[in-house]
Each structure stands twice: as C-alpha cells, then as structure tokens.
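Breakdown of the fold
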Amino acid sequence: MVTPQEVLAFWLDECTPADWYKSDPAFDRLIRDRFEETWKEAQEGALGLWLTHASETLAYIILTDQFPRNMFRDQGDAFATDNQARAAAKAAIDRNWDLKIDEPARQFFYLPLMHSECLTDQDRAVRLIHDRMPLHRAGNIDHACAHRAVIRDFGRFPYRNKALGRETTQAEQQFLDAGGYRVAYQAQVGALT
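Residues numbered from 1 in each chain as written. Predicted model: local features only at pLDDT ≥ 70, side-chain atom pairs only at ≥ 80, totals over all residues. Heavy atoms only, no water.

A separate point is the packing of helix α5 (residues 82-94) against helix α7 (residues 119-132). Following both chains from N to C, one finds α5 and α7 inclined at 45 degrees, their axes separated by 13 Å at the closest point. One finds that α5 runs oblique with respect to α7. Regarding α5 and α7, the two cross each other, and that crossing is left-handed. Across the interface between the two elements, R86, K90, I93 and D94 of α5 pack against D121, R124, L128 and R132 of α7. For the contact of α5 with α7, a count of residues per class yields 2 nonpolar, no polar and 6 charged. (Axes fitted to C-alpha atoms, helices over the stretch in contact; angles between N-to-C directions. Helix = DSSP H or I, 4+ residues; strand = E, 2+ residues; numbered from the N terminus. Parallel < 35°, antiparallel > 145°, perpendicular 65-115°, else oblique. Left-handed = near helix turned anticlockwise from the far one by under 90°. Contact = heavy atoms within 4.5 Å. Nonpolar A, V, L, I, M, F, W, Y, C, P; charged D, E, K, R; others polar.)

So, in structure tokens, the structure goes:
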C-alpha cells in the first residue's frame, strides 16, 4: 500500500505547481498507475488512520480530491470521493492543521471546499484563502472567486454535467458555449484589478 509520505513526496517534491493543474494524458496515466489502488482503498474507507495528523490528512485530501481529477478526467469518478475529501478538509481546518502546513501546499486543504457545489463551502474557501494564504493569495483568490461565481449563478458546475449524467439547462449551455470556467475566471480577474 502507498503511504501518506509517498503521496506527499510525489505531489509536493516530484511535481511542480505547474503540474498540479495541467491537463496531460501522460501525467494523468502516471497518477492512475501509481495511486489508483490506494484511491480505491480510500473510497472504501480503509485509510482512516491517515486522518490523525496534519501532514497525513493533507496526503489523504490530495489522494481523494486532486488525484481523481487526473485519474478520471471527464468521468464521473473524478468526483466520487469529493465528499470524503471535503469532510477531511473541514475537520483538519477546524483543528487548524492547515496552518501547520507551509504554503503553497496549504491550498490543498481549501480546494475540496472550492470544488464543492455548495455556496457556503465556496464562501468559506474564499475566506480561508484570503486569510490563511498570505504568500500565495494572488491567483488562488481569483480562482476561488471564479468558482464561487459559477455556483452563485448555477448552483452547480455546468462543466461537470456530462460526466455526471446531468441535463444541461439552456443558461448553462450558453455559459459553456461562451467559454465556461475560463470566462468566469477572466471576469473575476477583471473585477479584482
């Protein structure tokens, strides 16, 4: 079984911040090959001991929130462990464990909230990034505000509809046709400058 330290070594040491958000089939395959079995164990509830320390919880969140987005890009399983990641993040934040992790890795405690389709979680993500990421607030806050704007407008992320088998409304389709998240992000950057 993969250890929390191996997850962190891969994501924080082997990978660069540019890797964290890129869309690359070879990189996605690498993550799937190395971590899919461990992700399945987390999905089945087998990694509870990872949730007893700040750094191990960070590894759990990366495994259940970030890795599935790579391993299962454009598929429903990309979001299959979002609830687990969000619960782990909220518990860790309530314990201030996020503050024990240096930036920029600290942001991964907040991303499950940013990935949530709940406006309360979105508001909290914006506040946490603003208040607890002083060195890496720029850029991160723009993305947090853009995610929140999409949830304010639609109550969900329309670009997930196909993967999750949801019907797309006419307003959502217009949003997607206009550029989707890219346009929401650009609007936030323009609003904040």
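There's more to say after this.
Turning our attention to the pattern of salt bridges. For side chains of opposite charge, pairing can occur when their charged atoms come near one another. Per the counting criterion, the structure on display carries 19 salt bridges. Of the charged contacts, one joins D24 and K22 as a salt bridge, the two residues approaching to 3.7 Å between their closest N and O atoms. Assessed through its relative accessible area of 30%, K22 is described here as partly exposed. D65 is paired through a salt bridge with R69; the nearest N and O atoms lie 3.4 Å apart. Of the two residues, D65 and R69 are both situated in helix α4 (residues 54-71); the distance of 4 residues between them amounts to about one turn of the helix. The pair formed by D65 and R69 is uniform in burial state, with each residue classed as buried. Via salt bridges that share partners, D65, R69, D82, E117, R160 and R166 belong to a single interconnected network. (Salt bridge = Lys/Arg side-chain N within 4 Å of Asp/Glu carboxyl O. Buried < 20%, exposed > 50% of the residue type's maximum accessible area, 1.4 Å probe, protein only.)

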